[in-house]
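Topology and contacts: notes
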Protein chains: 2
Amino acid sequence: MTGSIRRAKAEQTVLALKAAARRLFAERGYLNTKITDILAEAGRSAGVFYDHFASKEELLAALIADFRADAAERAAAMDCAADEHDLSDRAQLRAHIEVFWHTYTAHLPVMVAMFQASMVDGELTAGFGEWLNTTMLHQHLEQLDKRGVHLAGDPALLASAVSSMLLQFAYVWLATGGRAPGGTTARSAPSADEAIDMLTSLVHNGIVAH
Amino acid sequence: MTGSIRRAKAEQTVLALKAAARRLFAERGYLNTKITDILAEAGRSAGVFYDHFASKEELLAALIADFRADAAERAAAMDCAADEHDLSDRAQLRAHIEVFWHTYTAHLPVMVAMFQASMVDGELTAGFGEWLNTTMLHQHLEQLDKRGVHLAGDPALLASAVSSMLLQFAYVWLATGGRAPGGTTARSAPSADEAIDMLTSLVHNGIVAH
DNA sequence: GTCTATATGGGGATAGAC
DNA sequence: GTCTATCCCCATATAGAC
């Protein structure tokens, strides 16, 4: 049964490489991380990487798959179908944003990596915000629209704007280590809850026409 | 007077390099543009680049300087001091967003480059949105706050969120060639004016508490 | 499955002729 | 000032021993 032992060891190595990659992506970013660095961080030596992944992109794809699985689970944990939600209800909206925030936080390395990879790839640029944009926002907004709520603009545009804000804001906030943005205000650093509240208010008031 | 001739030729080369860089940044992005490419695009040969710039970053710095000059001019053209503005007035807010949009459009290559460079650099990540964030937004929001307007959150956080939205939305919109985001809606592509209207409504309603 | 050693190539950067 | 030629570093990727 040496076969299964070998497989187990390989599995261990794959996990070690993924873990190392996540650490480095969070620390220095995806583009600045060389395959060599990942190997070193994982305590493995040169050739090993290619025994498990064809390229750095493929590793990222694996991480994204892991992320998607977890994101789907978190989304499902919010129970019920999209048409039962009502984003014009503040509490529900906040719950959505909170899920987004915690998912983003939990997968920060992958988020950073996707973000940076999309800068270079072009193919990914358009498709990047989709898990958020289409999955969570666009449909909900269409729903509201059909339900007769007078929105601030075209649902697709609105969804794009809101997801842009959430993604970029979270990126700046988290990827820079939670330091308060702006910086001129001499206050104690705002908490994540404060940020989520602010985002909730902004979106809640912003998406409907007044 | 060969000295001045040489200087003039050098100046020409610098301009040619900058122009070539702008073209390529817009076309394939900053990170994907190699120094070699810029030289080829400018029709110059290998060594020339380093006679004028120490690195690609330095070239970008020069482009940013050009941009800042123009941006300052556009901002000044909106006349008057910051404390005379009132972002809670929809027309004034729209004018601000319009200036941002047109400035962004006019300097798309530099915007793309700054954006991408800041994503990778980390040093720049925080500092990137500042011309917009601090110059235009943060101060205005502080003003409103002091004037007793009840904002949706901490001015610094709000400013960061709004600038995040504007930058990311414009990036996705413009850098991907103005293709409509989302894409599932089978409508004719929305116009820039439509986008600006939407952003105006979103911000206008979003920043004040209701 | 994992290691060491090494081949390959792209792109940054410089030297020196013109 | 600009060109050609070249160096060199570093990351990717493979070969083959263990």
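Placed above this text is the structure.
Residues numbered from 1 in each chain as written. Chains lettered and ligands numbered in written order. Predicted model: local features only at pLDDT ≥ 70, side-chain atom pairs only at ≥ 80, totals over all residues. Heavy atoms only, no water.

Some words on the overall build of chain A
For the record, the criterion: Here a helix means four or more residues in a row that DSSP labels H or I, a strand means two or more in a row labelled E, and each is numbered from the N terminus. Burial classes follow relative accessibility: with a 1.4 Å probe on protein chains only, a residue under 20% of its type's maximum area counts as buried, one over 50% as exposed, and anything between as partly exposed. Contact criterion: two residues are considered in contact whenever any of their non-hydrogen atoms come within 4.5 Å of each other. Shrake-Rupley sampling with a 1.4 Å probe provides the accessible areas, and residues are treated as covered by the protein chains on show and by no other component.
When you go through chain A residue by residue, the secondary structure sums to nine helices and zero strands. Each helix (α) and strand (β) of chain A, taken in turn from the N terminus, gives the series α-α-α-α-α-α-α-α-α. Buried residues in chain A amount to 49% of all 210 residues. Put simply, 67% of the contacts in chain A that link residues at least 6 apart link residues at least 24 apart. Of the accessible surface of chain A, which amounts to about 9,600 Å², a share of 53% is contributed by carbon and sulfur atoms.

As for the environment of Lys56 of chain A
Residues and elements named next belong to chain A. Within the fold, Lys56 resides in helix H3 (residues 56-77). What makes Lys56 buried here is its relative accessible area of 13%. Apart from the residues lying within four places of it in its own chain, the contact partners of Lys56 are Tyr30, Leu31, Thr33, Ile35 and Phe49.

Observations regarding the protein's contact with DNA strand D
Note the following rule: Residues are classed as near a molecule or strand on a simple rule: at least one heavy atom within 4 Å of it. Under the rule applied, a polar contact is a pair of N or O atoms within 3.5 Å (in protein, one hydrogen donor and one hydrogen acceptor; residues adjacent in sequence only if both atoms are side-chain atoms).
Taken together, 19 residues are adjacent to DNA strand D, and Arg6, Arg7, Thr13, Val48 and His52 of chain B come closest. Near the protein, within 4 Å, the atoms of DNA strand D are sugar or phosphate in 74% of cases. In the model, a phosphate oxygen of DNA strand D is placed 3.3 Å from a nitrogen or oxygen of the Tyr50 of chain A side chain. Lys9 of chain B is positioned such that a nitrogen or oxygen atom in its backbone is 3.2 Å from a phosphate oxygen of DNA strand D. Looking at the surface near DNA strand D, the elements that each hand over two or more residues are helix H2 (35-42) of chain A together with helix H1 (2-28) of chain B. Broken down by element, the residue count for the surface near DNA strand D peaks at six residues, all from H1 of chain B.

Focus: the packing of helix H8 (residues 155-175) of chain A against helix H9 (residues 192-206) of chain A
When two helices pack together, their arrangement is given by the angle between the helix axes and the distance between those axes. Residue and element names in this part refer to chain A. The condition is simple: Only the stretch in contact is used when a helix axis is fitted, and all axes are lines through C-alpha atoms; the angle between N-to-C directions ranges over 0 to 180 degrees. Orientation is classified from the angle alone, with under 35 degrees giving roughly parallel, over 145 giving roughly antiparallel, 65 to 115 giving roughly perpendicular, and any other angle giving oblique. Here a crossing is called left-handed whenever its near helix is offset anticlockwise from the far helix by less than a right angle, and right-handed whenever the offset is clockwise. For this scheme, ten residues count as nonpolar: Ala, Val, Leu, Ile, Met, Phe, Trp, Tyr, Cys and Pro. Four count as charged, namely Asp, Glu, Lys and Arg, and the remainder, Gly too, count as polar.
Where H8 contacts H9, the two axes come as close as 12 Å, and the packing angle between them is 165°. Here H8 lies roughly antiparallel to H9, going by the angle between them. Viewed along their axes, H8 and H9 form a crossing whose handedness is right-handed. When H8 is examined against H9, the residues Val162, Met165, Leu166, Phe169 and Trp173 are found in contact with a partner set consisting of Ala192, Ala195, Met198, Leu199, Leu202 and Val203. A class-by-class count of the residues in the contact of H8 with H9 yields eleven nonpolar, no polar and no charged.

Things to note about helix H4 (residues 90-106) of chain A
The condition is simple: In a helix, the anticipated span is given by 1.5 Å times the number of residues less one.
Under the 1.5 Å per step criterion, the end-to-end length of H4 of chain A is 24 Å for 17 residues, consistent within 8% with the ideal 24 Å. Among the residues making up H4 of chain A, those that are buried are Leu93, Arg94, His96, Ile97, Val99, Phe100, Trp101, Thr103 and Tyr104 of chain A.

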